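Architecture and fold: a report
Chain residues, written in single-letter form:
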Amino acid sequence: MSYTHARALHILNCKGPQIMSGLGDDLGITPRYVTILIDSMERDGLVRRQPHPTDRRATLIELTDAGRQMCGKLG
């Protein structure tokens, strides 16, 4: 797992679900790289995309149970 993957897990664990642009800002990465990162983490079952409850243009990224377990392993 890369450092950026681990940081993304930590941010989602601490802050809860985040929109992609907010997560990218916290990580200091480009929107394109956020998409690549989340695609990878979603394939690994660590996160899932959910529709934003009030902004239909936005997508929330949230941890799955496997993502929370991975956070515990990372310490």
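Anyway, here's the lowdown on the structure attached to this text. (Residues numbered from 1 in each chain as written. Predicted model: local features only at pLDDT ≥ 70, side-chain atom pairs only at ≥ 80, totals over all residues. Heavy atoms only, no water.)

1. Observations concerning the sheet that holds strand β2 (residues 47-51)
The strand order across the open sheet formed by three strands is β1-β3-β2, and the pairing between neighbours is antiparallel. Unpaired on one side and paired on the other, β1 (18-19) and β2 mark the two borders of the sheet. In this structure, β1 lies alongside strand β3 (residues 59-63), joined through two bridges in antiparallel fashion. Its bridge partner being in β3, Gln18 is matched across the sheet by Ile61. Here helix α3 (residues 31-43) sits on the sheet in contact with β2 and β3, set at roughly 115° to β2. (Pairing = 2+ DSSP bridges. Helix = DSSP H or I, 4+ residues; strand = E, 2+ residues; numbered from the N terminus. Contact = heavy atoms within 4.5 Å. Axes fitted to C-alpha atoms, helices over the stretch in contact; angles between N-to-C directions.)

2. So, helix α2 (residues 20-27)
Here α2 has its buried residues at Met20, Gly22, Leu23, Gly24 and Leu27. Tucked into the core, α2 has its buried residues touching α1 (3-15), β1, α3, β2 and β3. Immediately downstream of α2, the backbone of Gly28 shows phi near 70°, a positive value. (Buried < 20%, exposed > 50% of the residue type's maximum accessible area, 1.4 Å probe, protein only.)

3. Overview of the side chain of Thr64
Structurally, the position occupied by Thr64 is in the loop between β3 and α4 (65-74). Among the polar contacts made by the side chain of Thr64, one reaches the main-chain carbonyl oxygen of Gly45 at a distance of 2.5 Å. Dropping the residues within four chain positions of it, Thr64 is found in contact with Gly45, Leu46, Val47 and Arg48. (Polar contact = N/O pair within 3.5 Å; in protein donor to acceptor, adjacent residues only side chain to side chain.)

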